[in-house]
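Residues per chain are reported as follows:
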Amino acid sequence: AFFWLVSLLLSSLIWFIAVKASDPQDERLQKGLLIFGVMFSVLLQEAFRFLYYKLLRKAIEGLVALSEDGCSPISIQQMAYVAGVGFGLMSGAFSMINLLADALGPGTVGIHGDSQLYFLTSAFMTMVLIFLHTFWGILFFHGCEHRRWWEIAAVVIMHLTVSGLSFCNPLYVGSLVPSYLLMAAAATWAYLLSGGSAQNLRRFLLCKC
Amino acid sequence: MITFMNNSDSEEEPCNERTSLMSAESPPVPSYQDGLQASDTGEAQAHRKRRVGSSHGPNNIAGAEMSGSGVPVRESALDNEEEELTLKYGAKHVIMLFVPVTLCMIVVVATIKSVRFYTEKNGQLIYTPFSEDTPSVGQRLLNSVLNTIVMISVIIVMTVFLVLLYKYRCYKFIHGWLILSSLMLLFLFTYIYLGEVLKTYNVAMDYPTLFIVIWNFGAVGMICIHWKGPLQLQQAYLIMISALMALVFIKYLPEWSAWVILGAISIYDLMAVLCPKGPLRMLVETAQERNEPIFPALIYSSAMMWTVGMAKPVTAARGPSQQTRDAAEDGREHLRSPSHAESQMSETRSPLPTRPVTSLEELEEEERGVKLGLGDFIFYSVLVGKAAATASGDWNTTLACFVAILIGLCLTLLLLAVFKKALPALPISITFGLIFYFSTDNLVRPFMDTLASHQLYI
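Just so you know, these numbers come straight off a predicted model, no measurement behind them.

Draft legend 1. Inspection of the overall build of chain B at higher detail. Across its full length, chain B holds 17 helices and four strands. Counting across all 458 residues of chain B, residues that qualify as buried make up 59%. In chain B, of all internal contacts separated by at least 6 residues, the share reaching a separation of at least 24 is 79%. Accessible area of chain B: about 17300 Å², with a carbon and sulfur share of 67%.

Here is the structure:
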C-alpha cells in the first residue's frame, strides 16, 4: 500500500508540474495532459510493484538464511498475493473514499446532465480494479520469479488497457464490460499459476456440498 | 484558563516522556523476597515500569543481562537464534502496536469529522502565545516559529524537571503530579468531550446521569491506570486518554504552529533519546541503573504483566492467551537463563498477587511485549487529526498520513530490532506523515479530483 501511495505521489507530482507549466484554458491540452498523467501513473505503479518485488525478494532471502529449516515462513506466492491486495486496497480506497463521504451528504446524482449511475459504476469499477490489482500482483511476481518477461509485459499492458478503457466513461459498456472480462481472464491465469486446476476447483466445490 | 493551564502543565510533562521506543532490558529484581518487600513497602518502587521497550525474546535480554553481569556470555552461539526470534516476533510486535495506534487515530478522526467543536478556533493555549491572525504570510510564519520555540522550551524544562525529580528520588512528587494530570484528563476532558458529542447528536442527558457516567468512567480509569485492572481495559483507557489529549492539541494549536511543532518535537525526540546528555536517555539509564521500571503511566505496553502502575498507564500486558503460545519458546529460553527468569518472575508476582501466575510463561510474555510512549500516540493522532481537520475535507490526505505513520512505525520497530536499545518513535513516522500530508494535499488532491470528475481510473 505504501509503495502504491508513493507511486501515486510521484505521478501526481509530474502531472501537477505539467499542468502548472501549461495553459489552463486549453481544454484539449488539459485533456491530453490528463491522459499522459494517467498513463504515466500506470507505468509508475508497475515500476513500484517491481521495486516492491525486489524488496520482498531480499526479505525472503534474509528470512531463509535465518530460519532453522531453510525455508521461509512465508512464501513468495503469499507475498505476491498480499502485495496485490495492498496495491488494490490502496488504489480502491483512494478512488472511492471521497465518493463515499460525499454520498453521505445531500445531493442528486447527475443533476447537471451527467450519468445517474455515477456512484454505482464507480463502485463496480473500483471493485474490478481491486481484484485486478490482486491478480496482477500474483502474475507479476510469478513472472519476475521465473524470469518470464512476457508475463510482466502482459500485466503492464492489461493495466494500461483498463485505465485506457476508463476513458470511455460515461459510456459504461465500453469500460466496465471489457474490464470484467479482463478480470476473469486474469483470475483464471493467476489461479492456474498458483497451482490450481479444474480438478482442484471441482473437488473444492464438491467437498463443500 | 488558569486551572486549565496548570493542569496542562502536568500534561505537557508526561507528553515528553512518552516519546520513545525502547528496547526492554528488564531490570531484574534480585530475588523473590526482595520483590515482595518492595511491593509491600512502597507503591513507588514496585509500580515503576520500564519506559519503552521492545522485547525481542528472552534470549536477547538474557544475553544483555548476562554480559552485563560478567557471566561468560554465550551470545555468539545465541546470536543467530536471537536474530531469528527477533524477526519472528518482530512481526507480532508490529501488529501489537498497529492496533492501538490505529484505534487511537480512528477515534480522533471520527471525532474531528463529526464533532464541530474540535475544529472551531476558540483561543489558544498559553504555550502558544503568538496569534496566527496576522496580515502577512511572513509574520504568520514568524509567529508559528516563535510558538514552537515556546512550546519546545516548555517541554524541555518539564522533562529536565522530571528527570531531576527522578534522580533525586522525589517519587512522591512525581506520583502526585501524574495522578493529578490523569485525574484531570479522565474527568474534565471526558466531561467536555461527552458534552460536545451529545451536543452534536442532539441527545439530551440530565446531570445525574452525566455525573454517574463520568464518575464511573473516571474512577475505573484511575484504578486501572494507577493500580490493578484487566489488561485490555488498561489499554483501552490509555488509548482513550491519548485520543482526548490529541483532540485538545488539535483544537488549541493554531494551524501553522501545529505543523512546525510536530516537526520540532520529532527533532527534539531524536536528540533527547539519542544524545548522551539527553534528558530522556538519562531517565532511561537511571531507571535501568536502579533496576526500576520507568513510570508506567506514560507508556503503552502491549505485553507487560504489570497492572499496577503509576500515572499514565503503560498499557499493560497481553492476556494469558499469548502465554500458552509462547510457552514452548519460553521453556526453551528459560533453561538458558534461569536466574533472569526468576528475577522477572518475582517482579511479576509481587505486584500481582491475585493473578494466577503461570511462572515461566508470564515472564516471557513480559519480555515479548513492545512498549511505546503515550506521547507518540498523541502526536501521531495529532498529525492524522490535523490532516482530517484541515485538508479541505479530503479523506485521501487522512488515509495517506495514516499509512505513512504506520510505515514509519514499522521502520522504527525494525530499527529497534536491529539496535536493541531505546529509540525515538516519533521522527521517522512524523517525517513520513508530514511529507505525505503536504504532498497529498497539494499534489495528489487536484490529480485525484480531476480523475474522479472524469471518472478515470489509474
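Draft legend 2. Layout of the packing of helix 2 (residues 27–66) of chain A against helix 17 (residues 426–454) of chain B. At their nearest, the axes of helix 2 of chain A and helix 17 of chain B sit 11 Å apart, and the two run at 105° to each other. The orientation of helix 2 of chain A with respect to helix 17 of chain B, classified from their angle, is roughly perpendicular. Here helix 2 of chain A contributes Leu34(A), Gly37(A) and Val38(A) to the contact with helix 17 of chain B, which in turn contributes Phe447(B), Thr450(B), Leu451(B) and His454(B). For the contact of helix 2 of chain A with helix 17 of chain B, the per-class residue count stands at four nonpolar, three polar and no charged.

Draft legend 3. Focus on the domain arrangement of chain B. Residue and element names in this part refer to chain B. For chain B, the assigned domains are domain 1 (113–299) and domain 2 (391–457). On a C-alpha basis, the centres of domain 1 and domain 2 stand 23 Å from each other. Listed by partner, the interface residues are eleven residues for domain 1 and 14 residues for domain 2. Interface of domain 1 and domain 2: buried area, both sides summed, is about 1000 Å²; carbon and sulfur atoms make up 79% of it. No other element matches helix 10 (residues 255–274), which puts nine residues into the side of domain 1 that touches domain 2.

Draft legend 4. Region of the structure containing the interface of chain B and chain A. The interface of chain B with chain A comprises 32 residues on the first partner and 39 residues on the second. Across the chain B to chain A interface the summed buried area is about 3200 Å²; carbon plus sulfur atoms make up 73%. The three residues of chain B that bury the most area against chain A are Gln455(B), Tyr457(B) and Ile458(B), which together make up 27% of that side's buried surface. Our count for the contact surface shared by chain B and chain A stands at zero salt bridges. Between chain B and chain A we count two residue pairs in polar contact (both at pLDDT 80 or more) in total. Contributing elements (two or more residues each) for the side of chain B that touches chain A: helix 5 (75–114), helix 16 (395–419) and helix 17 of chain B. The element that contributes the greatest number of residues to the side of chain B that touches chain A is helix 17 of chain B, accounting for 15 residues. The residue makeup of the side of chain B that touches chain A, split by class, is 19 nonpolar, ten polar and three charged.

Draft legend 5. Representation of the state of the cysteines. Residues and elements named next belong to chain B. Per the stated rule, a full pass over the model turns up zero disulfides over all chains. You can see cysteine 224 has no disulfide; the closest cysteine sulfur is in cysteine 104, sitting 17 Å from it. Summary of cysteine pairing: cysteine 410 is not part of a disulfide, and the nearest cysteine sulfur, belonging to cysteine 401, is at 17 Å. On the basis of relative accessibility, which here comes to 28%, the residue cysteine 410 falls in the partly exposed class.

Draft legend 6. Layout of the confidence of the model for chain B. Residue and element names in this part refer to chain B. Mean pLDDT over chain B: 70, with 65% of residues reaching 70 or higher. Within chain B, the element-level pLDDT minimum falls on helix 3 (residues 43–47), averaging 32, and the maximum on helix 8 (residues 207–226), averaging 90. Every residue in residues 23–76 scores below 50 in pLDDT, and together they form 165 contacts with partners more than four places removed in sequence or on other chains. Note on the complex model: pTM 0.74, ipTM 0.84.

Draft legend 7. Geometry of the packing of aromatic side chains. What the rule picks out here adds up to 19 aromatic pairs over all chains. Feature note: the residues Phe50(A), Tyr53(A), Phe140(A) and Phe141(A) constitute an aromatic cluster, connected by ring pairs. The ring of Phe140(A) carries the charged tip of Arg49(A) above its face, separated from the ring centre by 6.0 Å. For Lys251(B), the ring lying beneath its charged end belongs to Phe117(B), and the centroid distance is 4.0 Å.

Draft legend 8. Focus on the packing of helix 5 (residues 149–165) of chain A against helix 6 (residues 172–193) of chain A. Residues and elements named next belong to chain A. Viewed as axis vectors pointing N to C, helix 5 and helix 6 meet at an angle of 160°, and their least axial separation amounts to 9 Å. Taken as axis vectors, helix 5 and helix 6 run roughly antiparallel relative to one another. Crossing angle aside, the handedness with which helix 5 passes helix 6 is left-handed. The residues of helix 6 that touch helix 5, namely those facing Trp150, Glu151, Ala154, Met158, Thr161, Val162 and Leu165, are Gly174, Ser175, Pro178, Ser179, Leu182, Ala186, Trp189 and Leu193. Here the residues of the contact of helix 5 with helix 6 sort into ten nonpolar, four polar and one charged.

Draft legend 9. Representation of helix 4 (residues 118–145) of chain A in the model. Over its 28 residues, helix 4 of chain A runs 40 Å from end to end, which matches the ideal 40 Å to within 8%, given 1.5 Å per residue. Most of helix 4 of chain A sits out of view: 20 of its 28 residues are buried.

Draft legend 10. Seen up close, the UniProt feature "transmembrane region" (unreviewed entry) in chain B. Residue and element names in this part refer to chain B. Under the UniProt annotation, "transmembrane region" (unreviewed entry) lies at residues 94–112, 145–166, 173–195, 207–227, 234–250, 256–275, 399–419 and 425–444. The span residues 94–112 carries 100% helix and 0% strand; its end-to-end C-alpha distance comes to 27 Å. Counted over residues 173–195, helix gives 100% and strand 0%. Its end C-alpha atoms are 32 Å apart.

Draft legend 11. Structural detail: unusual backbone geometry. At Arg147(A), a residue that is not glycine, the phi angle is positive and equals roughly 55°. Secondary-structure assignment places Arg147(A) in the loop between helix 4 and helix 5. Unlike most non-glycine residues, Asn202(B) shows phi in positive territory, near 55°. Structurally, Asn202(B) can be placed in the loop between helix 7 (171–201) and helix 8. Asn202(B) gets classed as exposed once you look at its relative accessible area, which sits at 71%.

Draft legend 12. Quick peek at the nonpolar core. Residue and element names in this part refer to chain B. Counting residues in each nonpolar core, the largest one holds 89 residues, and the members touching the most others are Val101, Phe295, Tyr380, Leu383, Leu409 and Ile430. Among the elements that take part in this core, helix 9 (residues 231–252) stands out by supplying 13 residues, more than any other. Counting contributing residues per domain, this core is built from domain 1 (113–299) and domain 2 (391–457), each supplying no fewer than three. Once residues lying within four places of it in the same chain are set aside, the contact partners of isoleucine 430 are Leu262, Ser266, Phe379, Tyr380 and Leu383.

Draft legend 13. View of the pattern of salt bridges. Within the structure shown, the criterion is met by six salt bridges over all chains. Linking Arg57(A) and Glu145(A) is a salt bridge whose minimum nitrogen-to-oxygen distance equals 2.9 Å. Here the residue Arg57(A) occupies a position in helix 2, and Glu145(A) occupies one in helix 4, the gap between them amounting to 88 residues. What makes Glu145(A) partly exposed here is its relative accessible area of 26%. The partner of Arg281(B) in a salt bridge is Glu285(B), and the shortest N-O contact between them spans 3.1 Å. Here Arg281(B) and its partner Glu285(B) are both found in helix 11 (residues 279–289), four residues apart, which amounts to about one turn of the helix.

Draft legend 14. How the structure looks around the UniProt feature "transmembrane region" (unreviewed entry) in chain A. Residues and elements named next belong to chain A. The sites that carry the UniProt feature "transmembrane region" (unreviewed entry) are, in the present numbering, residues 31–52, 79–97, 117–140, 152–173 and 179–198. As annotated, residues 31–52 comprises 100% helix and 0% strand, and the C-alpha atoms at either end are separated by 31 Å. Helix makes up 96% of residues 117–140 and strand makes up 0%, while its end C-alpha atoms are separated by 33 Å.

Cut-offs applied
Residues numbered from 1 in each chain as written. Chains lettered and ligands numbered in written order. Predicted model: local features only at pLDDT ≥ 70, side-chain atom pairs only at ≥ 80, totals over all residues. Heavy atoms only, no water. Helix = DSSP H or I, 4+ residues; strand = E, 2+ residues; numbered from the N terminus. Buried < 20%, exposed > 50% of the residue type's maximum accessible area, 1.4 Å probe, protein only. Contact = heavy atoms within 4.5 Å. Areas by Shrake-Rupley, 256 points an atom, 1.4 Å probe, with all protein chains shown as cover. Axes fitted to C-alpha atoms, helices over the stretch in contact; angles between N-to-C directions. Parallel < 35°, antiparallel > 145°, perpendicular 65-115°, else oblique. Nonpolar A, V, L, I, M, F, W, Y, C, P; charged D, E, K, R; others polar. Domains from an automatic or database assignment. Buried area = accessible area lost by both parts, 1.4 Å probe. Salt bridge = Lys/Arg side-chain N within 4 Å of Asp/Glu carboxyl O. Polar contact = N/O pair within 3.5 Å; in protein donor to acceptor, adjacent residues only side chain to side chain. Disulfide = S-S within 2.5 Å. pLDDT = per-residue confidence, 0-100. Phe/Tyr/Trp six-rings, centres within 6.5 Å; stacked < 30°, edge-to-face > 60°. Lys NZ or Arg CZ within 6 Å of the ring centre and 35° of its normal. Left-handed = near helix turned anticlockwise from the far one by under 90°. Expected span 1.5 Å × (residues − 1). UniProt positions renumbered as here; feature names shortened; annotations may be inferred. Core = buried A, V, L, I, M, F, W, Y, C linked by side-chain atoms within 4.5 Å.

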